[in-house]
Amino acid sequence: MTKQRFRLLLAVIALLLVSIICGLAGAAHKDRPARSRAAQTETTDPPMSYVETTLAQWQIWPLMLVNRTHAVPDDYVPPLFTLENGQQFDARMYPEWQKMVLAAKDAGFTMEAAYCYRSNETQRQILNERIAWYRKQGDSAAEAERKAREYVAEPGHSEHELGLAIDIHAAGETKAENLFAWLKENAHLYGFIERYPEDKVEITGIAYERWHYRFVGRDAASEMYEKHLTLEEYLGEE
Ligand SMILES: [Zn+2]
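The rules we used
Here, residues in each chain are numbered from 1, in the same order as that chain's written sequence. With pLDDT at 70 or above as the cut-off, local features in this predicted model cover only qualifying residues; side-chain atom pairs require 80 or more to be listed or tallied, and sums for whole chains, interfaces and linings still use all residues. Helix and strand assignments follow DSSP, with helices taken as H or I runs no shorter than four residues and strands as E runs no shorter than two, numbered in order from the N terminus. Around each residue's C-beta, the other C-beta atoms within 10 Å are counted; 20 or more make the residue buried, 12 or fewer make it exposed, and counts in between make it partly exposed. All C-beta atoms are placed from the backbone. Contact between residues is assigned whenever the C-beta positions, reconstructed from backbone atoms, fall within 7 Å. Across the chain, each position has a pLDDT score giving the predictor's confidence in that residue, from 0 to 100.

Turning our eyes to something else, we now look at the overall build of the chain. Each helix and strand counted, the chain has nine helices and six strands in total. Buried residues in the chain amount to 23% of all 238 residues. Sequence separation of 24 or more characterises 65% of the internal contacts of the chain that already satisfy a separation of 6 or more.

What follows is the structure in structure tokens.
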């Protein structure tokens, strides 16, 4: 093959590659708005553009309700961020978590995100282990189940499966009572709420968990803090 022919061949291959890549990129781009429109066929509103849909989802995600009656959407996997201790949570709340950790440090407290994201499978395992533990204490099967469910949510119904819940532990010299007292009054400034307050067990259906914090975003968290509302009350849902 002459040098000239070889160059020509290279140029043709390069052109082919470029057109294939452009074609793929175009197809991927076209795919997205179609999918987001499909999700909205029930409404009569004009279809939202890809950017509008993304923005709307971006604003709604911290307010997703998961409890006894509301399940985690099927196959929902949040964009996960992995912390140094191996725990994972929704990457979008990481900046606020970081700010809260630093503010706590300034106030003299060290805290750790001890338990965060769990898959549906892990949630099932935790529930079963808890039931087994109560059985070992001598409870009947029914009693063990009842007690376990007071603390551990049904698989598909745990906020931990959303990646928006953090079970916070005091670390180092920090006393748990002091840390939780600080969090109760300050977490909303960073978009977090104490999710299962002591006096709202009837509404949340979950026993008092002073360590369980949930990200809802700053505006919602501040309003819920000021009006002393649970997420259920704030959203007007059960
Ligand atoms: Zn929790």
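Residue Asp75 is not a glycine yet carries a positive backbone phi of 60 degrees. Relative to the assigned elements, Asp75 resides in the loop between helix H2 (50–60) and strand S1 (80–82). Classification of Asp75 by C-beta neighbours within 10 Å gives exposed; the count is 6. Backbone geometry places His228, a non-glycine residue, at a positive phi of 50 degrees. Inspection of the secondary structure assignment puts His228 in the loop between helix H8 (218–227) and helix H9 (231–235). Here His228 falls in the exposed class, since 10 other C-beta atoms lie within 10 Å of it.

This brings us to the confidence of the model for the chain. Mean pLDDT over the chain: 85, with 77% of residues reaching 70 or higher. Low pLDDT, under 50, characterises residues 25–41; the predicted model gives this stretch nine contacts beyond four residues in sequence or across chains.

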